Each structure stands twice: as C-alpha cells, then as structure tokens.
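# Commentary on secondary and tertiary structure
Chain by chain, the residues run as shown.
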Amino acid sequence: MKKHAGAEKKRVKRSPGSASSTARDSASDPPPRKQGVKKDVFQVFAEKVRDNKGLESRWAVMEEARVEYFRGKDFVSFLKNHPECKEILEEDKDLDAEDIANVLLGKNLLVRCDRVTKTLRPGKKKLSTWPAHLEIFREDQGFSETDAFFAWTFEKRHPLWQTLLSFFWPVLTLAICLFPVYPHRCKLIVLYSCAGILLMILSLLFVRAVAFGAMWILLGKRVWFFPNILAEEATLKELFRFWPKKDEEEPPKWTSRLFYTVVAVVVVMLLRRHAPDEAARARYQRRMSNIIDDVLEWSPKLALSGLMENQPPVNITDAAKNSSDAEAGPDHTEDAELDETQDEEVAEDLANSDIKT
C-alpha cells in the first residue's frame, strides 16, 4: 500500500510539469494557415471563354469606349462544340448556355448591347452582321440568341508576349534614334530591309485594288482579296486570310460601271502623257541616290572633325592686310586701287620702250 501511495504521489508531482510542457509545445506550434479566398468559378469561366479563339468576337465602340463583344447564337454554338469549358463550373457544369449567360449577366461579367443603327442603309439588303457602334440594351438584361450582342465588362489579361513587347518598344525607339551612328553595313541592311517590306506592302495594296476595280467593272462583283489586311483588330490568322468574304450588297448599276471605266481610261492616258522622260527620271534617281548616300555615309567623326579638315588654310598676311584696309576706310581703298592702276601703266610703258629699242 505504501508503494502504491508513493507511485501515486510521484504521478501527482509530475503532472504540473507535463502540463506546462504540453502548453509550451502548443504555444510553439505555428498557427493554422488561413485558406485563401477561392476565386469565383464563373469569373474563371468567363476569362477562359474570352481567351478561347473558338468564340467569334469583334471590337466596337460603346459609349465612347472600345469593347469586345459576341453574338448570342455564337455563344450557344461555342458551348455545344466545347463542352470541356463547362468543367470549370464544377457543380454548375450541367447548366445550359442560357442559364450560364444569365449568371454572367447577373455577376456583371457581361452586359447586353444593341446596335445603334437599326435602319438599312441605301443599297443594303440587311443590317450589318457585326456593327461598329453599340449601346446598352435598356429593356431587359437577359440572354437571347436572336440578334443579341453581349460585351465583356472585365479587363482582359494580357499574355506574356504583349508584356515583353511593351518593354521592347522603347528599345526599338532608341535603336531607330541611333541609326546615324550604325556601321555602314548595318545601315545598308536596315535600309534595304525596310525598303523591301514597304515595297511589298504597297505592291500588295496596288494589286488588291486593281483586282477589285477590274472585277467590279467587268463582273459587277465586289471582291477584296486579303479582306482583313487593313483591319484594326484582327488575329494573325485573320490578317493574312486570302479568300474574300461573300458579297452581300446589291450589284452596281451598269451606268456606274461605265462611268468609272471612262474615268479609269482617262487617268491612265493622263499618266502616260505627263510621265517624266528618261532624262528627268535619271536626274531624280541621281538626286535621291545622293540623299541616300549622305545619310549612309554620315558618321560622328564627320560631324566633329570633317568640317575642320576640309577648311582651306588661312593666310595670316592676307587676313592682316584685309583688316587694315577695312580700318582705313573707303578713301584709302580708292588710293590703293589708283596706285595699282598707275603701276600697271608704268609697267606697260617700260615694256613698249624695250620693244622699240
């Protein structure tokens, strides 16, 4: 019994120490981390859909701001063709396209728009498929497939290449400003590269315009090859698309075609009649070559020391004589000229006397 009581006493003595050590251990443990705020799945879904090239969209002006918008029917067909995008919505992935669009409208990720011009322009059969000017739809901010447009309201994330390009532009600007100090070979490479690119662009635009004019006059068709080559907002694939869009306008009248045919013939005849001759072209080419040579051959050495090296040496005696004549005034100058004339006459008389003798 005594032994049991002693063991019990020892346990009682150890209990405060063990409690304090447990308290110290619990105090030394790091506090539990707070879980990060989970991003809205519909926000992630909207960003994913906007970055996807499968949803056809355009840019327009709405209330003095540029917005990216799409059509309601394109949104429905996009979700049908890309059901994997719905996986982002987790438990709401079974919603149909109309319900998803209404949720996006309710969260102010989308806004329904309407075209500003609702009347047909002269010569048009139907309204523009992608209007350039929009306004907010005032009646009901609900989803619809029929002639309904929806604009994104959040700012689009910029890809990495755009961020790198923003740092590259100042470097390019500085390189353009330092063009005069480039080595001669680098100047030639830059000059002929830029001239070749410019010539290719102008040739493409000229051939494109000639093809359009010929088909419009001969066939009455509006055919623009490379239809997006001058577009402000277009992807790289759309920019170099060769085949033109379908002509949805009415064919032109034969009187208009005849009038522009006469105008084209007159312009060609005037250009041929007033074209410069070979001598004028040679002079112009020589003048341009001299300008280009001046640009290519310029260097900081010429700017600093070239002028000093090309100056003729100054005769100190002549300079002193000219300065003294200027200080003496006009009377002294006239006397000096008279003395020179008398000296010339005396020299002639001496020469004549020597001849006679």
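Residues numbered from 1 in each chain as written. Predicted model: local features only at pLDDT ≥ 70, side-chain atom pairs only at ≥ 80, totals over all residues. Heavy atoms only, no water.

If you check an unreviewed UniProt entry, the protein chain appears there as Translocation protein SEC62 from Brassica cretica.

The subject of this paragraph is the overall build of the protein chain. Summing up its helical and strand segments, the protein chain has twelve helices and five strands in all. Taking all 357 residues of the protein chain together, the buried fraction comes to 18%. For the protein chain, contacts bridging at least 24 residues in sequence account for 62% of all contacts bridging at least 6. (Helix = DSSP H or I, 4+ residues; strand = E, 2+ residues; numbered from the N terminus. Buried < 20%, exposed > 50% of the residue type's maximum accessible area, 1.4 Å probe, protein only. Contact = heavy atoms within 4.5 Å.)

By the definition in use, this model includes ten salt bridges. The shortest N-O distance in the salt bridge between Glu63 and Arg138 comes to 3.4 Å. Taken as a pair, Glu63 in the loop between β1 (58-62) and β2 (66-71) and Arg138 in the loop between β4 (133-136) and β5 (149-152) lie far apart in primary sequence, 75 residues in all. Overall, the relative accessible area of 65% leaves Arg138 in the exposed class. Asp74 serves as the salt-bridge partner of Arg71, at 2.8 Å between the closest nitrogen and oxygen. Taking relative accessible area as the criterion, Asp74 reaches 13% and is therefore assigned buried. (Salt bridge = Lys/Arg side-chain N within 4 Å of Asp/Glu carboxyl O.)

Right, let's get into the sheet that holds β2. The pairing of strands in a sheet comes from backbone hydrogen bonds and takes either a parallel or an antiparallel form. The mixed closed barrel is built from five strands, whose spatial order is β1-β2-β5-β3-β4. Each neighbouring strand pair of the sheet contributes to a mean axis angle of 55°, computed without reference to strand direction. Pairing between β2 and β5: three bridges, direction antiparallel. Residue pairing in the sheet places Arg71 in a bridge with Phe149 of β5. (Pairing = 2+ DSSP bridges. Axes fitted to C-alpha atoms, helices over the stretch in contact; angles between N-to-C directions.)

So, on to the pairing of β4. As paired strands, β1 and β4 are joined by two bridges and run parallel to one another. Within β4, the position partnered with Met62 by the bridge is Leu134. With three bridges connecting them, strand β3 (residues 110-115) and β4 associate as antiparallel partners. Residue Asp114 lies in a different strand from β4, and its bridge partner there is Glu135.

Take the nonpolar core next. Ranked by size, the top nonpolar core spans 25 residues in total, and within it Phe45, Phe75, Leu104 and Trp152 carry the most contacts. At the level of secondary structure, the elements contributing two or more residues to this core comprise α2 (41-51), α3 (72-81), α4 (97-106) and β5. Non-local contacts of Leu104, meaning those with residues more than four positions away in its chain, are made with Phe42, Phe45, Ala46, Phe75, Leu109 and Leu110. In this structure, Met62, Val67, Tyr69 and Leu134 belong to the second largest nonpolar core, which totals ten residues. (Core = buried A, V, L, I, M, F, W, Y, C linked by side-chain atoms within 4.5 Å.)

Following both chains from N to C, one finds α3 and α4 inclined at 120°, their axes separated by 10 Å at the closest point. Put simply, α3 runs oblique to α4. You can see that α3 and α4 cross each other, and the crossing is right-handed. Across the interface between the two elements, Phe75, Val76 and Leu79 of α3 pack against Ala97, Ile100, Ala101 and Leu104 of α4. Here the residues of the contact of α3 with α4 sort into seven nonpolar, no polar and no charged. (Parallel < 35°, antiparallel > 145°, perpendicular 65-115°, else oblique. Left-handed = near helix turned anticlockwise from the far one by under 90°. Nonpolar A, V, L, I, M, F, W, Y, C, P; charged D, E, K, R; others polar.)

Let's shift gears to the pairing of β1. In terms of strand pairing, β1 meets β2 through four bridges, oriented antiparallel. Bridge pairing in β2 places Arg58 opposite Tyr69. Counting the residues in the hairpin turn of β1 and β2 gives three residues, including Glu63, whose phi is positive at 55°.

Moving on, we come to the packing of helix α6 (residues 184-218) against helix α8 (residues 254-273). Remark: α6 packs on α8, axes separated minimally by 9 Å, with the N-to-C direction vectors making an angle of 135°. The pairing of α6 with α8 is recorded here as oblique in orientation. The crossing of α6 and α8 is left-handed. For the pair α6 and α8, contact is made by Trp216, Ile217 and Leu218 and by Ser256, Arg257, Tyr260 and Thr261, respectively. Grouping the amino acids of the contact of α6 with α8 by side-chain chemistry returns four nonpolar, two polar and one charged.

Here the focus is unusual backbone geometry. Even without being a glycine, Glu63 presents a positive backbone phi close to 55°. Phi is positive for Asn108, close to 60°, though the residue is something other than glycine. Tracing the backbone shows Asn108 in the loop between α4 and β3. Judged by relative accessible area, Asn108 falls into the exposed class, the value being 57%.

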